[in-house]
Amino acid sequence: MKFYNILPDLKRTTLILLLLAFAVQLSAQTDSRLRMAMLFKNSGSYEEALELYLQIYKAGRTSNQVINDIQFCYEKLKRYEDLIAFLQNLIKKSPARLEYQVKLGKAYYLNDNRDQAFALWNDLLQAHGHNAYLYRLLGNVFIELRLYDKAIETYQLGIRKTKSLYSLYREIALLHRAQLDYGQAAVSYLKYLEHFPKQYSFVNGQIIAMSSDSSAVRQMIEAIEKYLKTRGDQAGVRQILADLYLRNGDFKHSFAIYLDLHKKAPRTNYLLQFVHKASQNQAYEFAVKGLKLLMEQASQPGQKQQYAFQLARNYFAWAKKLSARQQEKQARQTIKLAMQVIDGLLHSKTKTSYRWNALELRGDIYFNYFQDIDQAIKDYQNYLQAPLNAQQLDRVRFKLAKSHLARGDIAAAERLLRQIRTKKLRSLVEYTQAELLFYVGRLTPAQKAFADLSVKLSPGDSLKNNVLQRLLLLNHIRQDSSTLAEMGRAEFLIAQKKLSQAANIFKELALKNGPLSPQCAERAVHLFIKLEKWEEAQSLIAHALQHSPDYVNMDRLLFTLGGIQERQKQPQKAFNTYRLIITRYPDSFFVEQARERARWLKEKLKQEQVP
């Protein structure tokens with residue numbers, strides 16, 4: 001009897017299993033239709049997608065994804081009346097869902113019922129003014145409709161009403177940026193910072209990102225100045241302002257702010273930060289001012305030596321800058337100050353690494369500024385006696401190799417290069433070794449060395465372009481190996497700082513009108529400009545234009561010629577040269593710059609003709 005009682009239970013279980021199987025099958029069909037609807041939507045087939053989405057919705061699938069995609073398709077098809085009806089039906093089913101009412105307002109707006117849209121949104125704000133979520137919903141809709149001012153107004157209202165939505169200042173800043181109002185964007189980021197002080201790095205980064213445009217920097221400086229007047233003395237904000245002054249080239253104001261910050265908090269590193277930033281911006285005069293103050297205030301001998309070493313480095317960099325501007329008298333005075341600081345370090349009784357570093361720096365000055373190769377080698381060799389790590393040793397070995405190369409001693413240079421093991425210098429060492437092969441006319445081994453190195457270098461490596469240029473040149477081995485050998489000899493003379501001799505070799509090769517003559521002309525022009533032999537440079541460019549008009553870099557040569565003619569006070573010739581670039585090379589990288597220079601020269605020539 002017990003056995004027969006089991007049968008009804010089996011029937012019920014079977015029925016449940018069948019129902020479950022049907023539900024799974026139905027769900028699978030729905031999922032299949034949903035995937036198909038998404039494919040149609042993503043491919044732009046909005047009619048087909050909408051039809052499937054509505055079927056899924058009517059089958060009881062009312063997820064946010066389905067509803068949002070139905071709205072999206074209606075909007076793409078501009079079926080706003082149908083969208084309004086759909087959303088009104090949703091609101092009847094779920095009157096508490098504010099997002100549906102906000103979407104309905106958007107549908108009214110798109111259907112040109114703007115008064116009705118704003119009336120609905122205002123009613124929502126009146127009824128739910130303390131609901132933080134509502135302000136985000138409305139803001140997003142206003143952004144979608146490109147009503148950026150309305151979005152800003154809504155976010156600001158949300159902050160005031162809720163007294164909690166301070167993170168919206170980030171959104172407000174982004175909206176101001178979208179409208180190119182960088183001043184208000186900066187202020188909004190600072191208001192965000194007031195409530196989230198740990199986000200200083202983020203805010204500073206955002207303001208720096210906006211400062212690539214000089215007009216944006218000026219807007220931000222003015223806005224932050226006004227902001228500080230109402231907010232009092234905020235060290236972090238004042239530092240941001242000082243950095244903006246730096247970016248605007250107003251080093252005087254920047255230094256004044258950093259100095260004031262330093263005086264108020266002398267144990268901080270404000271002034272040292274300014275020194276590093278000023279040096280990066282080549283404002284060496286102000287970096288020197290800061291370092292002198294730090295040296296005066298330093299209490300520890302080791303700290304004084306650190307500042308003294310940095311002072312010498314900045315004097316050296318400043319002297320090179322002055323020399324490049326042909327301010328030789330000021331350059332000599334500045335390099336003299338650098339040498340005095342270095343001598344003080346070398347004769348100091350305090351034994352720190354900065355004493356040894358001063359020796360390397362003096363070697364750099366003798367090599368790069370005075371071009372006293374023997375004294376540079378002596379200083380570098382003495383520096384090798386210091387307790388150095390492997391990286392420091394290899395760095396100085398490389399400098400010694402370059403110094404021996406400048407003396408023409410290739411064997412000594414090769415020997416030193418072979419001693420370098422640091423991975424960081426490996427590519428540079430291999431490049432220099434390949435260059436040495438080129439210098440001595442071993443063209444095939446040089447080509448192989450450059451080719452091997454090219455494979456190893458990543459696309460972003462700064463050496464990659466140099467290697468590819470050499471390979472392009474060495475591809476002419478069969479065509480003109482004798483000229484390549486002479487070019488290698490000339491490059492060796494450049495490494496020895498014998499620029500005049502190298503320029504004359506390149507000039508002779510350029511005038512032969514061979515396959516590599518335009519390349520030789522371009523190299524000679526570059527050297528003649530360095531030597532300030534302007535007529536020689538102009539003559540060679542004219543020759544190249546006549547004999548090699550299709551040379552791949554002819555636009556660059558002509559732009560160089562225009563610059564020389566301007567320097568030689570030949571505005572009409574320069575104007576004609578720039579016009580030639582514009583007409584003959586319309587797709588050139590230099591065409592915009594040429595057009596700008598031509599416009600400026602045209603105005604200048606007009607002014608000169610006015611009696």
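In this text the structure is predicted, and so the values were computed from the model without any measurement.

**Student:** Would you explain the overall build of the protein in this entry?
**Tutor:** Of the regular secondary structure elements, the protein holds 32 helices and zero strands. A compact globule built from 611 residues should have a C-alpha radius of gyration of about 25 Å, whereas the protein, at 36 Å, is more than 25% larger. Seen through its C-alpha atoms, the protein measures out along the principal axes to roughly 110 × 90 × 65 Å. The average position of the 90 basic charges and that of the 58 acidic charges among the side chains of the protein differ by 6 Å.

**Student:** Where do I start with the environment of Ala256 in this structure?
**Tutor:** The residue Ala256 is located in helix α14 (residues 251-264) in this model. Here the alpha-carbon distance between Ala256 and Ala242, two residues 14 residues apart in the chain, equals 8.4 Å.

**Student:** Help me out: how do you make sense of the pattern of salt bridges in this one?
**Tutor:** For side chains of opposite charge, pairing can occur when their charged atoms come near one another. Taken as a whole and assessed by the stated rule, the structure comprises 30 salt bridges. For Glu75, the salt bridge goes to Lys106, with nearest N and O atoms at 3.3 Å. With Glu75 in helix α3 (residues 64-76) and Lys106 in helix α5 (residues 98-110), this pair connects stretches of sequence that are 31 residues apart. We note that Glu75, like Lys106, is buried.

**Student:** Just checking my understanding: could you explain the packing of aromatic side chains for this structure?
**Tutor:** The description of an aromatic ring pair uses the distance of the two centres, along with the angle that the planes make with each other. Applying the stated criterion across every chain yields a total of 23 aromatic pairs. Pairing Tyr189 with Phe202 gives two aromatic rings, centres 6.2 Å apart and planes at 80 degrees, and the pair type is edge-to-face. Placement of the pair is Tyr189 in helix α10 (residues 182-195) and Phe202 in helix α11 (residues 200-210), with a sequence separation of 13 residues. Residue class for Phe202 comes out partly exposed when judged on its relative accessible area of 25%.

**Student:** What's the story with the side chain of Lys106 in this structure? I'm lost.
**Tutor:** Classification of Lys106 as buried rests on a relative accessible area of 7%. The residues touching Lys106, leaving out its near neighbours within four places in the chain, are Gln71, Glu75, Trp121, Val141, Glu144 and Leu145.

**Student:** Quick question: what am I supposed to make of the packing of helix α19 (residues 353-370) against helix α20 (residues 373-383) here?
**Tutor:** Packed helix pairs are characterised by how far apart their axes lie and by the angle those axes make with each other. In contact at an axis separation of 8 Å, α19 and α20 are set at 160 degrees when each is read in the N-to-C sense. Judged by the angle between their axes, α19 and α20 are roughly antiparallel. α20 is crossed by α19, and the crossing has left-handed handedness. Mapping the contact onto sequence places Trp356, Asn357, Leu359, Glu360, Arg362, Gly363, Asp364, Tyr366 and Phe367 in α19 and Ile373, Gln375, Ala376, Asp379, Tyr380, Asn382 and Tyr383 in α20. Looking at the contact of α19 with α20 residue by residue, the class counts come to eight nonpolar, four polar and four charged.

**Student:** Sorry, what's going on with unusual backbone geometry here?
**Tutor:** Trans is the prevailing form of peptide bonds, just as negative phi is the prevailing case for residues other than glycine. In this structure, Lys163 takes a positive phi of about 55 degrees despite not being glycine. Looking at the element boundaries, Lys163 is found in the loop between α8 (148-162) and α9 (168-178). Here Lys163 falls in the exposed class, since its relative accessible area comes to 61%. Phi is positive for Gln326, which is not a glycine, with a value near 65 degrees. Positionally, Gln326 belongs in the loop between α17 (301-324) and α18 (328-346).

**Student:** For this particular structure, what's the right way to read helix α7 (residues 132-144)?
**Tutor:** Structurally, the α-helix is built with 3.6 residues per turn, so residues lying three or four positions apart point the same way. A rise of 1.5 Å per residue sets the reference length of α7, with its 13 residues, at 18 Å; its end C-alpha atoms lie 19 Å apart and thus fit the reference within 8%. Turning to α7, its buried residues number three or more, namely Leu134, Tyr135, Leu137, Leu138, Gly139, Val141 and Phe142. Residues of α7 that are buried in the fold lie against α5, α6 (114-127) and α8. Its side-chain oxygen at 3.0 Å from the backbone nitrogen of Tyr133, Asn131 defines the N-terminal cap of α7.

**Student:** Is there a simple way to explain the environment of Phe528 in this structure?
**Tutor:** Summarising the element assignment, Phe528 is placed in helix α28 (residues 517-530). Sequence spacing of Phe528 and Ala502 is 26 residues, and the spatial spacing of their C-alpha atoms is 9.8 Å. Look past the residues within four positions of Phe528 in its chain and what remains in contact with it is Ala503, Asn504, Lys507, Lys533, Glu536, Ala537 and Leu540.

**Student:** So what exactly am I meant to see when it comes to the nonpolar core here?
**Tutor:** Nonpolar side chains tend toward joint burial in soluble globular proteins. Membership of the largest hydrophobic core comes to 142 residues, with the highest contact counts inside it found for Ile70, Trp121, Leu190, Ile207, Ile224 and Ile365. Of the residues forming this core, the biggest block, nine residues, is contributed by α17. Residues Leu484, Ile494, Val525 and Trp534 belong to the second largest nonpolar core, which totals 57 residues.

**Student:** Any chance you could explain the packing of helix α25 (residues 464-474) against helix α26 (residues 477-495) here in plain terms?
**Tutor:** The geometry of α25 relative to α26 is characterised by a closest axis approach of 9 Å and an angle of 135 degrees between their N-to-C directions. Judged on the interaxial angle alone, α26 and α25 are oblique. Across the interface between the two elements, Arg470, Leu473 and Leu474 of α25 pack against Ile477, Leu484, Met487 and Glu491 of α26. Here the residues of the contact of α25 with α26 sort into five nonpolar, no polar and two charged.

**Student:** Looking at this structure, I do not really get the confidence of the model for the protein. What am I missing?
**Tutor:** In low-pLDDT regions, the fine details of the predicted coordinates are not to be read closely. Per-residue pLDDT for the protein has a mean of 91; in total, 95% of the residues score no lower than 70. Considering only residues more than four positions removed or in separate chains, one finds that residues 17-29, a stretch of pLDDT under 50, has zero contacts.

**Student:** So what exactly am I meant to see when it comes to helix α24 (residues 443-456) here?
**Tutor:** The terminal C-alpha atoms of α24 lie 20 Å apart, and with 14 residues this matches the ideal 20 Å at 1.5 Å per residue to within 8%. Elements in contact with the buried residues of α24: α23 (426-439), α25 and α26.

**Student:** Looking at this structure, I do not really get the side chain of Gln305. What am I missing?
**Tutor:** Relative to the helices and strands, Gln305 is located in helix α17. Here the side chain of Gln305 touches Ser348 through a polar contact of 2.8 Å, side chain to side chain.

Rules used throughout
Residues numbered from 1 in each chain as written. Predicted model: local features only at pLDDT ≥ 70, side-chain atom pairs only at ≥ 80, totals over all residues. Heavy atoms only, no water. Helix = DSSP H or I, 4+ residues; strand = E, 2+ residues; numbered from the N terminus. Rg over C-alpha atoms; globule rule 2.2 N^0.38 Å. Lys, Arg positive; Asp, Glu negative; His and termini not counted. Charge placed at Lys NZ, Arg CZ, Asp CG, Glu CD. Salt bridge = Lys/Arg side-chain N within 4 Å of Asp/Glu carboxyl O. Buried < 20%, exposed > 50% of the residue type's maximum accessible area, 1.4 Å probe, protein only. Phe/Tyr/Trp six-rings, centres within 6.5 Å; stacked < 30°, edge-to-face > 60°. Contact = heavy atoms within 4.5 Å. Axes fitted to C-alpha atoms, helices over the stretch in contact; angles between N-to-C directions. Parallel < 35°, antiparallel > 145°, perpendicular 65-115°, else oblique. Left-handed = near helix turned anticlockwise from the far one by under 90°. Nonpolar A, V, L, I, M, F, W, Y, C, P; charged D, E, K, R; others polar. Expected span 1.5 Å × (residues − 1). Polar contact = N/O pair within 3.5 Å; in protein donor to acceptor, adjacent residues only side chain to side chain. Core = buried A, V, L, I, M, F, W, Y, C linked by side-chain atoms within 4.5 Å. pLDDT = per-residue confidence, 0-100.

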